[in-house]
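Residues per chain, in single letters:
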Number of protein chains: 2
Amino acid sequence: MTQRSHTSEFYLISDAVGQLTVDLLKSVAVQFPGINIKTTTYPFVQHEDNLLPILEKAKQTGAHIVATFVKKELDQLANDYCQKNGIYYNNVLHPLIQLVSHDTQTSPDQKPGQRHLLNDQYYKRISALEFAVQNDDGRYPERFKEADIVLLGISRTSKTPLSIFLAFQGYKVANLPLVPEAKLPEEIFQVDTNKLIGLTNDIDILNKFRRERMRSYGVDEKGLYSDDNRIEKELQYANDVYERLQCPIINVAERSIEETATLILMFMNYLPTKGN
Amino acid sequence: MTQRSHTSEFYLISDAVGQLTVDLLKSVAVQFPGINIKTTTYPFVQHEDNLLPILEKAKQTGAHIVATFVKKELDQLANDYCQKNGIYYNNVLHPLIQLVSHDTQTSPDQKPGQRHLLNDQYYKRISALEFAVQNDDGRYPERFKEADIVLLGISRTSKTPLSIFLAFQGYKVANLPLVPEAKLPEEIFQVDTNKLIGLTNDIDILNKFRRERMRSYGVDEKGLYSDDNRIEKELQYANDVYERLQCPIINVAERSIEETATLILMFMNYLPTKGN
């Protein structure tokens, strides 16, 4: 009865942006490396007239449906249609909304797009993002004192993406590149040690990264920047700085930005006590 | 039997970062504005020894459990424990992993943290992020030609957060601030029109934003920058530029960054055909 196939197809429908379903399917897809998980996203579907053609198409193509509807009518319509036509349907918000409703004897708002509500928390996040962009690469040491987190590291220790990722979670992050030849700005010694994180990386990974970067710049890849001795010198210098500042050190090797960011938040006791 | 309560408590457990459960609970929480949805996150739970104490705590506190386990043993253990002790348990990945397994007659990898795998797509995203930070505020017009998207707009039209948000999805984004007194860089006229997006905003929102910004700078908030006539002049100038460049215009007023970003991708035909 079950035919082996190398493709699974999903329609991701939402009455808002639908980022949650995209992320969910990514998490599922990576568990099946040999399989083609085809996804098509349909954001801002807020009326029956827009929903029905998508359901009909799913019936024809055999696509499964994963949704984040907060509007009851849409959820009901999709659910009924899919049940009648043998289509897989999963509104990932539904069971949790039911649960909270039951706990609290309260009805949900049913307003789509509320996750991105333009409230204080939202503006805090936006201003954290702007702060991170402005304070990348140690541009304004005098603003270190405004930061929740200051990341330090030599070239290619993921300072920029980490700063941005943490900013997305509402933290104001500055970063300071470490270069043995440059003088450390005085301001770094005035920052609360608890706000400092020293980043490091494995020497072979740094070497590979840097060679690639030089190649992309069209420079001879065997230059000073990617030299093993040079990298060792930089790492040693960074370690000396971290010792002087007495800050924790995180090695970013073999860790994704998301993983390192989570580690940083755990280090700073922002997790798990703060559910963000 | 059901007692009315103003709190719902959740433990969010993952064998990886667990961002998905955090986002999911945010989406649920915003539907219940008067209710306190308390969440505690437990990332990187990869062994029974770490899982059991959390389950026991949930039993004591009456917390619900939402998880993203890809490891079968952990999912099974949590599921059994919760069923036996009357705890709500929802592994949001489980039904979809089952479905794809069934479709394709393939077993999942069960490797945690695979969403953030250090593969080509991951590095593409990181380099897009770095590109966006470097090319904020029109810093290098000569690099516009490398961008997938170039955003234009006067001050306070969300250019920076939009650039970063789109970069997170893997697009290389540059942005150019529009100021009537500044000469437009020649390079903007060499960019493919399909890559350009003109941002605009409502005059009263701009006024409010700018007054706040001036206040935060400690400057008299009734200065030129927040003057209605001045803003009108800037908006008119921007519209003239957009007409010359023949680029689409998106009004960011009353839209979150996520919503505007999704609109931009739809405009550029990156959505819904490209499921990202």
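For the structure itself, consult the block above.
Rules used throughout
- Residues numbered from 1 in each chain as written.
- Chains lettered and ligands numbered in written order.
- Predicted model: local features only at pLDDT ≥ 70, side-chain atom pairs only at ≥ 80, totals over all residues.
- Heavy atoms only, no water.
- 1 Å grid on protein atoms, 1.4 Å probe; cavity = no way out; pocket = protein on both sides within 12 Å on 5 of 7 lines; lining within 4 Å.
- Points joined across faces, edges and corners; volume = space filled by probe spheres on them.
- Helix = DSSP H or I, 4+ residues; strand = E, 2+ residues; numbered from the N terminus.
- Nonpolar A, V, L, I, M, F, W, Y, C, P; charged D, E, K, R; others polar.
- Salt bridge = Lys/Arg side-chain N within 4 Å of Asp/Glu carboxyl O.
- Buried < 20%, exposed > 50% of the residue type's maximum accessible area, 1.4 Å probe, protein only.
- Contact = heavy atoms within 4.5 Å.
- Buried area = accessible area lost by both parts, 1.4 Å probe.
- Pairing = 2+ DSSP bridges.
- Right-handed = clockwise from strand over helix to strand, strands pointing away.
- Phe/Tyr/Trp six-rings, centres within 6.5 Å; stacked < 30°, edge-to-face > 60°.
- Least-squares fit on C-alpha atoms with pLDDT ≥ 70 in both.
- Axes fitted to C-alpha atoms, helices over the stretch in contact; angles between N-to-C directions.
- Parallel < 35°, antiparallel > 145°, perpendicular 65-115°, else oblique.
- Left-handed = near helix turned anticlockwise from the far one by under 90°.

Novice: Explain the layout of surface pockets residue by residue, including any values.
Specialist: What the second largest pocket holds in volume is close to 1,400 Å³. Along its surface, the second largest pocket is lined by 47 residues, and A:Ser127, A:Glu130, A:Gln134, B:Arg156 and B:Arg213 are the ones closest to its centre. It is helix α5 (residues 120-134) of chain A that contributes the most residues to the lining of the second largest pocket, nine residues altogether. Looking at the lining of the second largest pocket residue by residue, the class counts come to 20 nonpolar, eight polar and 19 charged.

Novice: Describe the pattern of salt bridges, listing the residues and the values that go with them.
Specialist: One pass over the full model with this rule turns up 18 salt bridges over all chains. A salt bridge links B:Lys38 to B:Glu9; its shortest N-O distance comes to 3.7 Å. Here B:Glu9 lies in strand β1 (residues 7-14) and B:Lys38 lies in strand β2 (residues 36-42), a separation of 29 residues in the sequence. With relative accessibility at 16%, the residue B:Glu9 sits in the buried group. A network of salt bridges, in which partner residues are shared, links A:Glu181, A:Arg230, A:Lys233 and A:Glu234.

Novice: How would you explain the interface of chain A and chain B if you had to name every residue and give the values?
Specialist: Taken residue by residue, the interface counts 88 residues in chain A and 88 residues in chain B. Counting each side, the surface lost to burial between chain A and chain B is near 7,700 Å², with a carbon and sulfur contribution of 66%. Counting every contact that joins chain A to chain B gives four salt bridges. The salt bridge partner of B:Glu130 is A:Arg156, with a shortest N-O separation of 3.0 Å.

Novice: Break down the pairing of β1(B) for me, with residues and values.
Specialist: All names here are of chain B. Judged by how many residues are buried, β1 sits mostly within the fold: seven of eight residues are covered. The pairing of β1 with β2 spans seven bridges and is parallel. Counted as the bridge partner of Tyr 11 is Thr 40 from β2. Assessed by its sense of winding, the connection that carries the chain from β1 through helix α1 (residues 19-29) to β2 is right-handed. Pairing between β1 and strand β3 (residues 64-68): five bridges, direction parallel. Bridge pairing links Phe 10 to His 64 in β3.

Novice: Before we move on, could you go through the packing of aromatic side chains and cite the residues and values that matter?
Specialist: Counted according to the given criterion, the structure contains five aromatic pairs over all chains. Summarising the aromatic geometry, the rings of A:Tyr11 and A:Tyr42 are spaced 5.4 Å apart at their centres and angled 70 degrees between planes, so their arrangement reads as edge-to-face. With a gap of 31 residues between them, A:Tyr11 in strand β1 (residues 7-14) and A:Tyr42 in strand β2 (residues 36-42) connect regions that are remote in the sequence. Using a relative accessible area of 1% as the deciding quantity, one classes A:Tyr11 as buried. Within the aromatic cluster, the residues linked to one another by ring pairs are A:Phe165, A:Phe168, B:Phe165 and B:Phe168.

Novice: Break down unusual backbone geometry for me, citing the residues and quoting the values.
Specialist: Residue and element names in this part refer to chain A. Residue Gln 110 is not a glycine yet carries a positive backbone phi of 60 degrees. Tracing the backbone through its elements, the reader meets Gln 110 in the loop between α4 (94-104) and α5. Assessed through its relative accessible area of 24%, Gln 110 is described here as partly exposed. Of note in this structure, Arg 156 is not a glycine but carries a positive phi near 70 degrees.

Novice: Tell me about the relation of the copies chain A and chain B, and please be specific about residues and values.
Specialist: Superposing chain A onto chain B takes a rotation of 180 degrees plus a shift of 0.0 Å along the axis, which leaves an RMSD of 0.0 Å. Such values leave the two copies arranged in the relation of a two-fold axis. If distances are taken from each C-alpha of chain A to the rotation axis, the shortest is found for A:Val133, at 2.9 Å.

Novice: Describe the side chain of A:Ser163, listing the residues and the values that go with them.
Specialist: Within the secondary structure, A:Ser163 is located in helix α6 (residues 159-168). When its relative accessible area of 1% is taken as the criterion, A:Ser163 is described as buried.

Novice: I'd like to hear about the packing of helix α1 (residues 19-29) of chain A against helix α4 (residues 94-104) of chain B, residue by residue, with values.
Specialist: Relative to each other, α1(A) and α4(B) sit at 55 degrees, their axes nearing to 10 Å. Judged by the angle between their axes, α1(A) and α4(B) are oblique. For α1(A) against α4(B), the interelement crossing comes out right-handed. Along its contact with α1(A), which presents A:Leu24, A:Leu25 and A:Val28, the element α4(B) presents B:Leu96, B:Ile97 and B:Val100.

Novice: Explain the sheet that holds β2(B) to me, using residue names and the numbers behind them.
Specialist: All names here are of chain B. What the four strands build is an open sheet, ordered β2-β1-β3-β4; its pairing is parallel. The outermost strands of the open sheet, each flanked by one partner alone, are β2 and β4 (89-91). Going from strand to strand, the sheet's axes swing by 20 degrees on average, the running direction of each strand aside. Strand contacts of α1: β1, β2 and β3, with the helix running at about 135 degrees to β3, the strand carrying the most contacts. Against the sheet, helix α3 (residues 72-85) engages β3 and β4, with an angle of about 160 degrees to β4.

Purely spatial values, then, with no claim about function.
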